[in-house]
Amino acid sequence: MYHTLKTPLLAAALCTATLLNAQNMDSQYASWPAYTGNDLELLVDNSGTHFTLWSPKADAAEVLIYDTDRNTPPIDTLRMKIGDNGTWRASVPKKLYGKFYTFVVTVGGKRLAPTPGIWAKAVGTNGERAAIIDFATTNPKGWAQDKGPKIDKINDAVIYEMHHRDFSVHPSSGIVHKGKFLALTEPATKSPEGLATGIDHLKELGVTHVHILPSYDYNSVDESNLPSNQYNWGYDPYNYNAPEGSYSTDPANPQTRIKEMKEMVKALHDAGIGVVMDVVYNHTANNDDSNFSLTAPGYFYRHRPDGSYSDASGCGNETASERQMMSDFIVNSVKYWAGEYHIDGFRFDLMAIHDIETMNRVAAELKIINPSIFVYGEGWTAGDSPLPVDKRALKENVDKMTGIAVFSDDIRDAVKGHYSNASDRGFATGKPGNEETVKIGIVASTAHPQVDYSKGNNSKFPYAGAPTEIINYVSCHDDLSLTDKLAASMPGSTEAERQRAARLAQTIVFTSQGTPFMFAGEEVFRGKKGVHNSYKSPDSVNAIDWSLKAKNKEQFNYYKELIELRKAHPAFRMATAKEIAENIVFDNVKTPNVVSYTIRNNAGGDNWRDIKIVFNGSDKPYETKIARGNWTVVARDGKIKASGLDTFTGGKITVEPASALILARE
Ligand code: CA
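So, how was this worked out
For every chain, the first residue of the written sequence is number 1, and numbering continues from 1 along that sequence. Local features in this predicted model are restricted to residues whose pLDDT is 70 or higher, and side-chain atom pairs enter the listing and the counts only when it is 80 or higher, whereas totals over whole chains, interfaces and linings include all residues. Only heavy atoms go into the side-chain values, all of them from the structure, while hydrogens and water stay out. For the purposes of this entry, the term helix denotes a DSSP run of H or I that reaches at least four residues, the term strand denotes a run of E that reaches at least two, and both are numbered from the N terminus. Burial here depends on accessible area, computed with a 1.4 Å probe over protein chains only, as a share of the maximum for the residue type. Under 20% is buried, over 50% is exposed, and the range in between is partly exposed. By definition, residues are in contact when any of their heavy atoms lie within 4.5 Å. Every accessible area reported is derived by Shrake-Rupley at a probe size of 1.4 Å, with residue values counting cover from the shown protein chains alone. Positive charges are assigned to Lys and Arg, negative charges to Asp and Glu, while His and the chain termini are left out of the count. Note on charges: their place is set at NZ of Lys, CZ of Arg, CG of Asp or CD of Glu. Every case where a carboxyl oxygen of Asp or Glu lies within 4 Å of a side-chain nitrogen of Lys or Arg is listed as a salt bridge. In this scheme Phe, Tyr and Trp rings, the latter by its six-membered ring, pair at centre separations within 6.5 Å, and the angle between planes marks the pair as stacked below 30 degrees, edge-to-face above 60, and tilted otherwise. Put simply, a charge is over a ring when the Lys NZ or the Arg CZ is close to the ring centre, within 6 Å, and near the line of the ring normal, within 35 degrees. For Na, K and Ca the donor cutoff is 3.2 Å, while for all other metals N, O and S atoms must lie within 2.8 Å; water is not among the atoms, so some sites may look incomplete. Polar contacts, as used here, are pairs of N or O atoms within 3.5 Å; protein pairs need one atom able to donate a hydrogen and one able to accept it. Residues neighboring in sequence count only if both atoms are side-chain atoms. Axis geometry follows a simple rule: fit a line to the C-alpha atoms, using only the stretch in contact for helices, then measure angles between N-to-C directions, giving values from 0 to 180 degrees. An angle below 35 degrees is treated as roughly parallel, one above 145 as roughly antiparallel, one from 65 to 115 as roughly perpendicular, and anything else as oblique. Classification used: nonpolar for Ala, Val, Leu, Ile, Met, Phe, Trp, Tyr, Cys and Pro, charged for Asp, Glu, Lys and Arg, polar for all others including Gly. Note that a disulfide, as used here, is simply two cysteine sulfur atoms within 2.5 Å. DSSP calls a pair of strands paired once it identifies at least 2 bridges connecting them. As used here, the term nonpolar core means buried Ala, Val, Leu, Ile, Met, Phe, Trp, Tyr and Cys residues forming a set that is joined through side-chain atoms within 4.5 Å. Helix crossings are classified by the rotation of the near helix relative to the far one: an anticlockwise turn of less than a right angle makes the crossing left-handed, while a clockwise turn makes it right-handed.

A. Quick look at the overall build of the protein chain. For the protein chain, the count of helices and strands is 15 helices and 28 strands. Summarising its shape, the C-alpha atoms of the protein chain cover approximately 85 × 60 × 45 Å along the three principal directions. Counting the 666 residues in the protein chain, one finds 62% classified as buried. Restricting to contacts in the protein chain with at least 6 residues of sequence separation, those with at least 24 account for 71%. For the protein chain, the accessible area works out to roughly 23400 Å², and carbon and sulfur atoms hold 51% of it. Computed over 72 positive and 80 negative side-chain charges, the inter-centroid distance for the protein chain is 4 Å.

Right, dumping it as structure tokens:
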């Protein structure tokens, strides 16, 4: 969510004056003891059920035990005793499976509202109460052997960003469990025209990873009233360590959401597809009523000098990852999802609200669990923060992080036009002046002798130390979809012309170094009816109509071949900045809206010695000369085939308007 590009220097100037006061205000928290045990919240063992809560400034703490997930009085109240390092503890000498609980903390003489705690791993309806369950009962058959795809480096991935409801809720999906985790477990589903939908569609398209929009328990959709069909992206976290109930078939049963999410992961893994989770630790849905605030008021958030919540998220608050218990919370939470749910990657929302050190911990500790796990995030904030700029996990600081990638707004805006100005065009739609920024995208924001960063639209220096630090994209759930952006910026155009522009745009993304990322449904040319911030728009705006797959068959085939091309050729997926600088040579082109380059030397161990790529984003044909040789024509005039469309022996060749030319030779 969000996409504001904060200029670091400006942000630094803005916040320097207030920084000292804010630090004084928040410095009290540094002296709070931290607890590093792994038994926070709940532990069930042969000696019974044990509750542990961290709340160093509490006067008292209780556990309320209930028979049901909501609307019933407690059947028991346990007074917690002071433990070590700011903890409170209570135990019952039996396994309380099937019961629910909340904590109630008294601070400064005030008894706060009940909370399921910050570490609830199972919850009932609307996440109001935590549940005591036996996790062994939630594992699908074969779970112990379940594994995601092995991947050596992030830019070997092809990422498909998807919302559960967008993907399956439309009647044309032919899917039974519409809008649910289980939608992705249904094989052989078809559109009315008989084409594959659901998981079979993903296999056919060839993406390596699905990135699911927030799937932890979020706040906005009323799980007690699912027939009302509410829609939300889910960037309003409530319980970070339990799945969202509205994506399950029974939110009241705490096992169901867990089991069904695991079944989804397993079905995708069985199809060879990894699962990336969108995580939003940067803010919570509520302020004083959040589980953080009801557990240890103040500690988990940053504040302004006047004591109010600071708001780098643009959502009313921001968390304080520079404090040990918040940093630990983030690290342990992603480790938990990786371990319990076999998640293969994490996308950090507004990552620059977090500190660099925490993000480095996240990446390092996940790699220990599974070396194939990767992490990427939005390297910006949505507003100013008390966290000093040099500590923020910003795009510009990506090279201070290890194993973390950031979204490239450089390539995004250069190719299609500015994200927030609907009518603005980009390189692929004929606007000159974006050529150098397209080149920055091609080399994944690494240093290259032929790329002049002073001419870059967004970033003025090569901020990436390696192509594995960059996620390339032209659209995501935020802002206008590519389909809508093209409609808004190409008035009077035909749909065929817009599809052609979309192909050129995605060809730039998928042949660039770095990791390609696409918004679900663009392969069938889905739009969002021109709604840019569709976070709570109805299904009629957000759902993918799968009849588009037959209507836009050529578009789908283009994406499929483009993905196949990338996966078959390591030259598009080089590992280091040095390799890119040595193997990519740009042609000296004076024509506006044309970028022409060669990938040489069997780059990355490719069987192709040379790959010649010309992008023509103008409305005029561009003529170029190709060296004599036995060339395979891979892409030309809006068509592409990974195994080759045609052959060419060199000489003059025309690159048609709004198209990519790709030639290769061994
Ligand atoms: Ca929820």
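Anyway, onward from the coordinates.
B. Just the pattern of salt bridges, in detail. Under the defined criterion, the tally for this structure stands at 37 salt bridges. A salt bridge links Glu582 to Lys578, with the shortest nitrogen-to-oxygen separation between them at 3.2 Å. Taken together, the residues Glu582 and Lys578, both in helix H15 (residues 577-583) and four residues apart, mark about one turn of the helix. The exposure class of Glu582 is partly exposed, given its relative accessible area of 41%.

C. Molecular detail of the packing of aromatic side chains. Within the structure shown, the criterion is met by 40 aromatic pairs. With a centroid separation of 6.1 Å and an interplanar angle of 80 degrees, the aromatic rings of Tyr336 and Tyr341 are classed as edge-to-face. Above the ring of Tyr341, the side-chain terminus of Lys262 is found at 5.7 Å from the ring centroid. Over the ring of Phe586 we find Lys439; its NZ or CZ atom is 4.9 Å from the centre of that ring.

D. Highlighting the coordination of the calcium ion. Taken together, Asp217 (OD), Tyr218 (O), Glu223 (OE) and Glu244 (OE) make up the protein donors of the calcium ion, found 2.2 to 2.4 Å from the metal. For the calcium ion, all donor residues lie on one chain, and their spacing in sequence is D-Y-x4-E-x20-E. In this pair, Tyr218 is assigned in strand S12 (residues 216-218) and Glu244 in the loop between strand S13 (237-243) and helix H4 (254-270), connecting sequence segments 26 residues apart. In terms of burial, Tyr218 and Glu244 fall into one category: buried.

E. Fine view of the environment of Asn458. With respect to the helices, strands and loops of the structure, Asn458 is situated in the loop between helix H9 (435-442) and strand S18 (470-472). Within polar-contact distance, the side chain of Asn458 engages the backbone oxygen of Asp409 at 3.2 Å.

F. Quick look at the packing of helix H3 (residues 198-205) against helix H14 (residues 553-568). Where H3 meets H14, the closest approach of the two axes is 8 Å, and the angle between their N-to-C directions is 55 degrees. On the basis of their axis angle, the class for H3 and H14 is oblique. Between H3 and H14, the contacting residues are His201, Glu204 and Leu205 on the first element and Phe556, Tyr559, Lys560 and Ile563 on the second. Residues of the contact of H3 with H14, tallied by class, amount to four nonpolar, one polar and two charged.

G. Summary view of the side chain of Arg302. Mapped onto the fold, Arg302 is located in the loop between helix H5 (291-295) and helix H6 (324-340). A polar contact is formed between the side chain of Arg302 and the side chain of Glu322, at a distance of 2.8 Å.

H. Structural view of the state of the cysteines. Evaluation of the coordinates by the stated rule reveals zero disulfides. Cys315 forms no disulfide, and the closest cysteine sulfur to it belongs to Cys476, at a distance of 15 Å. By relative accessible area, Cys315 is classed as partly exposed at 27%. Relative accessible area serves as the criterion here: at 9%, Cys476 is assigned to the buried category.

I. Layout of the sheet that holds strand S16 (residues 374-377). Pairing within the closed barrel is parallel, and its eight strands lie in the order S10-S11-S14-S15-S16-S17-S18-S19. Taking each pair of neighbouring strands and ignoring which way they run, the sheet shows an average axis angle of 30 degrees. Sheet topology note: the strand S10 (residues 159-162)/strand S11 (residues 209-212) ladder contains four bridges and is parallel. Looking at the pairing, Tyr160 lines up with Val210 of S11.

J. Focus on the pairing of S11. Of the two faces of S11, the one holding His209 and His211 and the one holding Val210 and Ile212 are both buried throughout. Bridge count between S11 and strand S14 (residues 274-279): four bridges; the pairing is parallel. Counted as the bridge partner of His209 is Gly274 from S14.

K. Spotlight on the nonpolar core. Ranked by internal contacts, the top residues of the largest apolar core, which has 142 residues, are Tyr160, Phe300, Phe346, Phe348, Ile599 and Phe615. Not counting the four nearest positions on each side in its chain, Phe615 is found in contact with Phe427, Ile442, Leu504, Thr507, Ile508, Thr511, Asn593, Val594, Val595, Tyr597, Ser659 and Ala660. Counting 21 residues, the second largest nonpolar core, distinct from the first, contains Ala58, Leu78, Val92 and Val105.

L. Quick peek at the pairing of strand S23 (residues 622-626). Residue alternation in S23 divides its side chains into a buried set, Tyr622, Thr624 and Ile626, and an unburied set, Glu623 and Lys625. Sheet analysis places S23 next to strand S27 (residues 651-655), joined by five bridges and oriented antiparallel. Along S27, the bridge assignment pairs Glu623 with Thr654.

M. Molecular detail of the packing of H6 against helix H7 (residues 356-369). At a minimum axis distance of 9 Å, the contact between H6 and H7 shows a crossing angle of 25 degrees. In terms of axis orientation, H6 runs roughly parallel to H7. The element H6 and its partner H7 pack so that their crossing is right-handed. Residue-level inspection shows Ser327, Asp328, Ile330, Val331, Val334, Lys335 and Ala338 of H6 in contact with H7, the latter providing Thr358, Arg361, Val362, Glu365, Leu366 and Ile369.

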